[in-house]
Amino acid sequence: IWPFEVFSDSPSIRWQANLCSLITEGVLDRYPDLRIVVVEKGTTWIARFQNTMLEHGWADPIPYFKKNFWFTTEIEEDNFVEIANNIGWDRMLFATDYAHNDPGGKNRFNDVDMLQSWLNDNLITQEQYDLITHKNYFYLKARK
């Protein structure tokens, strides 16, 4: 199954065809310990990606995301906490555009403070904070 046409309507999502192919061609089933880090793509695309996969009768990508993938993301993304709760806090890696002066990240100079305030205000747990700030990185680095 080659899903390129499904994901070729926009150059900004063509990379998703490769991601879809890893799932539909069974690569992640043959290599269940394969670890993939999605960098500079955020997480807001995940719901649309999942819907597209399911609409075409392909496997639900969420179980693969929960097992084989980690995502660098800026916490000010829409629905970040909801996505982290769905995919798993153990799949999130803190990212920031600091000190890039680009039009992206509306909070690019306050990401660390924002995450700390979520912890202080009990919007996230200490474990969630630890996972996104450092534990997930150490897990990936250890290759256990």
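Per-chain numbering applies: the sequence of each chain, read as written, is numbered from 1 onward. The predicted origin of the model limits local features to residues at a pLDDT of at least 70 and limits the giving and counting of side-chain atom pairs to 80 or more, whereas totals for whole chains, interfaces and linings rest on all residues. Processing note: side-chain calculations cover all non-hydrogen atoms of the structure and skip hydrogens and water entirely.

*Asks:* Describe helix α3 (residues 46-55), with residues and values.
*Replies:* Note on classification: 1.4 Å probe, protein chains only; a residue is buried when its accessible area is under 20% of the maximum for its type, exposed when over 50%, partly exposed between these limits. For the purposes of this entry, the term helix denotes a DSSP run of H or I that reaches at least four residues, the term strand denotes a run of E that reaches at least two, and both are numbered from the N terminus. Burial in α3 covers these residues: Ile-46, Phe-49, Gln-50, Thr-52 and Met-53. Each buried residue of α3 sits inside an arc of 160° when the element is viewed along its axis, so together they form one side. Here the buried face of α3 lies against α1 (15-24), α4 (62-68), β2 (69-73) and α5 (80-87). Positive backbone phi, at 75°, marks Gly-57, one or two positions downstream of α3. The arc in question is the one spanned by the directions pointing from the helix axis to the C-beta atoms. Contact criterion: two residues are considered in contact whenever any of their non-hydrogen atoms come within 4.5 Å of each other.

*Asks:* Give a detailed account of the packing of aromatic side chains, specifying residues and quantitative values.
*Replies:* To pair, rings of Phe, Tyr and Trp, with the six-membered ring standing in for Trp, must have centres within 6.5 Å; the planes then decide the type, stacked if under 30 degrees apart, edge-to-face if over 60, and tilted in the middle. According to the stated counting rule, one finds 12 aromatic pairs in the structure shown. A centroid spacing of 6.2 Å and a plane angle of 55° characterise the contact between Trp-45 and Phe-71, whose relative ring orientation is tilted. On the criterion of sequence distance, the pair formed by Trp-45 in the loop between β1 (36-38) and α3 and Phe-71 in strand β2 is long-range, its members being 26 residues apart. As far as burial versus exposure is concerned, Trp-45 and Phe-71 are alike and both buried. Measuring from centroid to centroid gives 5.4 Å for Phe-65 and Phe-71, while their planes differ by 85°, and the two rings are edge-to-face. Judged by its relative accessible area of 0%, Phe-71 is buried. Each member of the aromatic cluster is reached from another via a ring pair, and the members are Trp-15, Trp-45, Phe-49, Phe-65, Phe-69 and Phe-71. Counted as over-ring charges are cases with an Arg CZ or a Lys NZ within 6 Å of the ring centre that also lie within 35 degrees of the ring normal. Against the face of Trp-70 rests Arg-91, its NZ or CZ located 4.0 Å from the ring centre.

*Asks:* An account of the pattern of salt bridges is requested, with residue identities and associated values reported.
*Replies:* By definition, a salt bridge exists where a carboxyl oxygen of Asp or Glu is found within 4 Å of a side-chain nitrogen of Lys or Arg. As enumerated under the stated definition, the model contains 2 salt bridges in all. A salt bridge links Arg-91 to Asp-90; the shortest N-O distance between them is 3.5 Å. By relative accessible area, Arg-91 is classed as buried at 8%. When its relative accessible area of 34% is taken as the criterion, Asp-90 is described as partly exposed. Here Glu-127 ties to Lys-135 by a salt bridge, and the two come within 3.0 Å at their closest N and O atoms. For Glu-127, a relative accessible area of 39% gives the class partly exposed.

*Asks:* Mind laying out the nonpolar core, listing which residues take part and the relevant values?
*Replies:* Counting residues in each nonpolar core, the largest one holds 32 residues, and the members touching the most others are Trp-45, Phe-65, Phe-69 and Phe-71. Of all the secondary-structure elements, those providing two or more residues to this core are α1, β1, α3, α4, β2, α5, α6 (111-120) and α7 (126-142). Excluding its chain neighbours within four sequence positions, the residues that come into contact with Phe-69 are Leu-19, Leu-28, Ile-36, Val-38, Tyr-64 and Arg-91. In plain words, nonpolar cores are sets of buried Ala, Val, Leu, Ile, Met, Phe, Trp, Tyr and Cys residues tied together by side-chain atoms within 4.5 Å.

*Asks:* Which residues make up the sheet that holds β2, and what are the values?
*Replies:* Being paired, for any two strands, means DSSP has found at least two bridges between them. Overall, parallel pairing links the 3 strands, which are arranged β1-β2-β3 in an open sheet. This sheet does not close on itself; its edge strands, each paired only once, are β1 and β3 (92-94). Taking the axes of each pair of neighbouring strands and ignoring which way they run, one obtains an average angle of 25° across the sheet. As paired elements, β1 and β2 share 3 bridges and run parallel to each other. Of the residues in β2, the one forming a bridge with Val-38 is Phe-71. Those strands touched by α7 are β1, β2 and β3, and its axis lies near 115° from that of β3. Helix axes use the C-alpha atoms of the stretch in contact, all axes being lines fitted to C-alpha atoms, and the angles between their N-to-C directions lie in the range 0 to 180 degrees.

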